[in-house]
Amino acid sequence: MADPARAARLAARVKVIIAEALRRTVKDDRAEMITVTDARVTNEHATVYYTVLAPDDETKAGAEQLLSTNQGLLRRELGRNLNIRLTPTVEFVADEIPESAAHLEDLLRKAREQDEAVAARREGAKPV
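Just so it is clear, the model here is predicted, and its values are computed rather than measured.

## Remarks on helix α1 (residues 4–24)
Look at α1: 30 Å from first C-alpha to last across 21 residues, which is about the 30 Å you get at 1.5 Å a residue. Taken residue by residue, α1 has A7, L10, A11, V14, I17, I18, A21 and L22 as its buried positions. The arc that holds the buried residues of α1, viewed along the axis, is 135°, so those residues lie on one side. Turned more than 90 degrees from where α1 packs its buried face, R9, R23 and R24 sit exposed.

## Section: the nonpolar core
Counting 25 residues, the largest nonpolar core has V14, I18, L22, L74 and F92 as its most contacted members. When contributions to this core are tallied by element, the ones reaching two or more residues are α1, β1 (34–41), β2 (45–52), α2 (57–69), α3 (71–81) and β3 (89–94). In terms of residue count, α1 provides more of this core than any other element does, seven residues in total. When residues no more than four places from it in sequence are discounted, the contact partners of V14 are A39, V41, A46, V48, L78 and L82.

## Focus on the packing of α1 against α3
Put simply, α1 and α3 touch, their axes get as near as 9 Å, and they point 125° apart. When the axes of α1 and α3 are compared, the pair comes out oblique. As α1 packs across α3, the resulting crossing turns out to be right-handed. Contacts between α1 and α3 involve R13, V14, I17, I18, A21 and L22 from the first element and L74, E77, L78 and N81 from the second.

## A closer look at the environment of R80
Checked against the element boundaries, R80 lands in helix α3. For R80, a relative accessible area of 56% translates into the label exposed. Each C-alpha atom, one on R80 and one on E58, is 32 Å from the other, the two residues being 22 residues apart in sequence.

## Topic: the pattern of salt bridges
As enumerated under the stated definition, the model contains six salt bridges in all. With its nearest N and O atoms 2.4 Å apart, the salt bridge here joins R109 to D106. Taken as a pair, R109 and D106 lie in helix α4 (residues 97–123) at a separation of three residues, close to a single helical turn. Take R109: its relative accessible area is 37%, and that puts it in the partly exposed class. Note on D106: relative accessible area 26%, which makes it partly exposed. With a closest N to O distance of 3.8 Å, K110 and D106 form a salt bridge. Of this pair, K110 and D106 both sit in helix α4, four residues apart, which is roughly one turn of the helix.

## Here we look at the sheet that holds β3
Taken together, the three strands give an open sheet; going across it, the order is β1-β2-β3, and neighbouring strands pair in mixed fashion. Across the chains shown, the open sheet's two edge strands, defined by having one partner strand only, are β1 and β3. Adjacent strand axes in the sheet meet at a mean angle of 25° when their direction is disregarded. Across six bridges, the pairing between β2 and β3 is parallel. Across the sheet, residue Y49 finds its bridge partner in β3, namely V93.

Conventions we followed
- Residues numbered from 1 in each chain as written.
- Predicted model: local features only at pLDDT ≥ 70, side-chain atom pairs only at ≥ 80, totals over all residues.
- Heavy atoms only, no water.
- Helix = DSSP H or I, 4+ residues; strand = E, 2+ residues; numbered from the N terminus.
- Expected span 1.5 Å × (residues − 1).
- Buried < 20%, exposed > 50% of the residue type's maximum accessible area, 1.4 Å probe, protein only.
- Arc of directions from axis to C-beta.
- Core = buried A, V, L, I, M, F, W, Y, C linked by side-chain atoms within 4.5 Å.
- Contact = heavy atoms within 4.5 Å.
- Axes fitted to C-alpha atoms, helices over the stretch in contact; angles between N-to-C directions.
- Parallel < 35°, antiparallel > 145°, perpendicular 65-115°, else oblique.
- Left-handed = near helix turned anticlockwise from the far one by under 90°.
- Salt bridge = Lys/Arg side-chain N within 4 Å of Asp/Glu carboxyl O.
- Pairing = 2+ DSSP bridges.

This is the structure:
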């Protein structure tokens, strides 16, 4: 898109429409576990990022299968609710930010523990 502000507005609208369509039109219990986290829109393509509330691989695979099965239904809902000439194709991508944030938190916790160990050794030490 030529106008980045318009693309950002359209992406925010796509995010809301997909989330509402998952809640209202998709008749599957697995849809309740899916959270739409972000969307990015280009001229002909919309990439929708999602997370799954359950951390196990079986639930993630089920959510991925659910989204791929209902991709046409969700695109139709986009076409109905967007006031643009051409409905973009939709691609669903699992959002890796929660996993990478958890990994980063784990690294920070380990660094704090090491800092505390060094501080404990330093307390009784005398300079050479």
